[in-house]
Amino acid sequence: MSENPIFRQAQRDLELGRLELAIYDWLRDRLDFVVFRPLKVAEIEMVVQRSKEPVVRALAKLTERGYLERGPREYSRGPFAYRLRGLATAPTPPVSPSDGGSGFGMLSPGVEW
C-alpha cells in the first residue's frame, strides 16, 4: 500500500516540532479524509504523555498548517471533531532572489534539478 504524499510532507515540514509530528502520526491511524471524528484531548495527553496546553497548541498548529481540519462539536460542550486534510495549504514564506535561498536546496532559487 502506498503512503499518501501528505504524510511525507508533514514529516518534512520544518515548522512542525516533535510533539506535532507524534500527534499527527497517532491521528493518521484514527482519522480519515472524509468523516469528522471527535477527538478527546485527554486521550491524546495520555498517549503523548503531555499536559493539555501543549496538546491543544499542537492540534491548533496542525490545523493552521493544513494537516487537520476542525469540524463541529457533536453537542455543545463535547469534543471538537477533526479529519485529515489531503493537501496542506498553509502559506509558505516567499524566498527573494537576492536572499540566496535558505540552503535547503528545494527552496533555493536558481537550483536546477
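See the structure printed just above.
For the structure given in this document, a descriptive report is provided here. (Residues numbered from 1 in each chain as written. Predicted model: local features only at pLDDT ≥ 70, side-chain atom pairs only at ≥ 80, totals over all residues. Heavy atoms only, no water.)

Focus on the sheet that holds strand β3 (residues 80-84)
Paired through their backbone hydrogen bonds, the strands of a sheet run either parallel or antiparallel.
Right, so step 1: Reading across from one edge, β1-β3-β2 is the order of the 3 strands in this open sheet, with antiparallel pairing throughout. Edge positions in the open sheet fall to β1 (37-38) and β2 (68-73), since each of these has one partner strand only.
Right, so step 2: Strand direction decides the pairing type here: β1 and β3, joined by 2 bridges, are antiparallel. Across the sheet, the residue bridging to P38 is A81, located in β3. (Pairing = 2+ DSSP bridges. Helix = DSSP H or I, 4+ residues; strand = E, 2+ residues; numbered from the N terminus.)

A few points about unusual backbone geometry
Right, so step 1: Backbone geometry at Q49 places phi at a positive 55°, although glycine is not the residue there.
Right, so step 2: Of note, Q49 is situated in the loop between α3 (41-48) and α4 (52-64).
Right, so step 3: Of the residues examined, Q49 reaches a relative accessible area of 70% and is grouped as exposed. (Buried < 20%, exposed > 50% of the residue type's maximum accessible area, 1.4 Å probe, protein only.)

Quick word on the environment of P38
Right, so step 1: Relative to the elements of secondary structure, P38 occurs in strand β1.
Right, so step 2: Among the residues examined, P38 registers a relative accessible area of 38% and is labelled partly exposed.
Right, so step 3: For the pair P38 and R83, spaced 45 residues apart in the sequence, the C-alpha separation amounts to 8.9 Å.
Right, so step 4: Among all residues touching P38, those that are not within four sequence positions of it are E74, P79, F80 and A81. (Contact = heavy atoms within 4.5 Å.)

Structural notes on the pattern of salt bridges
Right, so step 1: Under the counting rule described, the total for this entry stands at 3 salt bridges.
Right, so step 2: The closest approach of N and O atoms between D25 and R28, which form a salt bridge, is 3.7 Å.
Right, so step 3: Looking at D25, the relative accessible area reads 41%, which means it is partly exposed.
Right, so step 4: According to the relative accessible area criterion, R28 is partly exposed, its value standing at 21%.
Right, so step 5: Residue E69 is joined to R83 by a salt bridge in which the shortest nitrogen-to-oxygen separation is 3.1 Å. One end of the pair, E69, is in strand β2; the other, R83, is in strand β3, and 14 residues separate them in sequence. (Salt bridge = Lys/Arg side-chain N within 4 Å of Asp/Glu carboxyl O.)

So, the pairing of β2
Right, so step 1: Relative to β3, β2 is paired through 4 bridges, and the arrangement is antiparallel. Residue pairing for β3: E69 is matched across the bridge by R83.
Right, so step 2: Counted along the chain from β2 to the antiparallel partner β3, the turn is 6 residues long.

Keep in mind these values describe shape, not function.
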